[in-house]
Amino acid sequence: WDVPGGELVGWPHVDHGHFPLAHQPAQILETHRLHLVAPVEVERHYAVHIGKPLMIDFTAEWCAACHELEKYTYNDAGVIALAENFVPVMIDCTERADPVVKAVQEKYRVRGLPTVVFVKPDGTVLGTTVEFIEAPAFRQKMEQALVAAG
């Protein structure tokens, strides 16, 4: 899943695509970020192909709760295991005025950070979390999204 310029990154694709999430839990998020709307659509089409829902994380460098989510929730063994059932995507919202970032936030009705949106490959939103959420509650949201995805 290498894309020129490195714009496309999903959590299971650390270093632009070669290490499964379960093998590198401490490196789940590293410094990889999406900066374009198009890669979200590429990931969505990939999700259609493999039949998995997307887990889209909206984050920002200035967001303390986002860093907590990354440090505590995303490094939980149960979250890592469940993430194998999703196509994870991270959207960097650091540049608030960026029209591309604004467009993606509007599309998924993001009102605060961090926001994680669970989406079927056809675009149907399965669920959303807003603000920091601890691992047990996040696992429950992931499981609910998987059930809703069928």
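Check the entry above for the structure.
Residues numbered from 1 in each chain as written. Predicted model: local features only at pLDDT ≥ 70, side-chain atom pairs only at ≥ 80, totals over all residues. Heavy atoms only, no water.

Caption draft 1: Quick look at the overall build of the chain. Within the chain one finds six helices and four strands. Each helix and strand of the chain, ordered N terminal to C terminal, gives the series α-α-β-α-α-β-α-β-β-α. Expressed as a percentage of contacts within the chain between residues at least 6 apart in sequence, the contacts between residues at least 24 apart total 69%. (Helix = DSSP H or I, 4+ residues; strand = E, 2+ residues; numbered from the N terminus. Contact = heavy atoms within 4.5 Å.)

Caption draft 2: Expanded view of the sheet that holds strand S4 (residues 125-130). The four strands are arranged S2-S1-S3-S4 in an open sheet whose pairing can be described as mixed. The two strands at the open ends of the sheet, each matched to only one other strand, are strand S2 (87-92) and S4. Averaged over all neighbouring strand pairs, the angle between strand axes comes to 15 degrees, with direction disregarded. Pairing analysis gives five bridges linking strand S3 (residues 115-119) to S4, with the strands arranged antiparallel. Directly across from Val119, in S4, lies its bridge partner Val125. Strand contacts of helix H3 (residues 64-73): strand S1 (54-59), S2 and S3, with the helix running at about 135 degrees to S1, the strand carrying the most contacts. (Pairing = 2+ DSSP bridges. Axes fitted to C-alpha atoms, helices over the stretch in contact; angles between N-to-C directions.)

Caption draft 3: Region of the structure containing the pairing of S1. In terms of burial, S1 is largely enclosed, as six of its six residues are buried. Here five bridges tie S1 to S3, and the two strands are oriented antiparallel to one another. In the strand pairing of S3, Met55 is matched with Phe118. (Buried < 20%, exposed > 50% of the residue type's maximum accessible area, 1.4 Å probe, protein only.)

Caption draft 4: Looking closely at the nonpolar core. Residues Leu54, Ile56, Phe58, Ile91, Tyr108 and Leu113 are the most contacted members of the largest nonpolar core, which totals 18 residues. At the level of elements, S1, S2, helix H5 (99-107) and S3 are the ones that each hand at least two residues to this core. If we ignore the near neighbours within four places in the chain, the residues touching Leu113 are Phe58, Thr59, Ala60, Trp62, Cys63, Cys66, Cys93 and Gln105. One finds Met55, Val116, Leu126 and Met142 within the second-largest nonpolar core, a separate group that totals 15 residues. (Core = buried A, V, L, I, M, F, W, Y, C linked by side-chain atoms within 4.5 Å.)

Caption draft 5: Structural view of H3. Of the residues making up H3, those classed as buried are Cys66, Leu69, Glu70 and Thr73. Looking straight down H3, one finds that the buried residues subtend no more than 115 degrees of arc, so they occupy a single side. Exposed residues lying more than 90 degrees from the buried face of H3 are Ala64 and Lys71. Buried-residue contacts for H3 involve S1, helix H4 (77-83), S2, S3 and helix H6 (135-149). (Arc of directions from axis to C-beta.)

Caption draft 6: Just the side chain of Asp57, in detail. With respect to the helices, strands and loops of the structure, Asp57 is situated in strand S1. Given a relative accessible area of 1%, Asp57 falls into the buried group. A polar side-chain atom of Asp57 sits 3.2 Å from a polar atom in the side chain of Tyr74. (Polar contact = N/O pair within 3.5 Å; in protein donor to acceptor, adjacent residues only side chain to side chain.)

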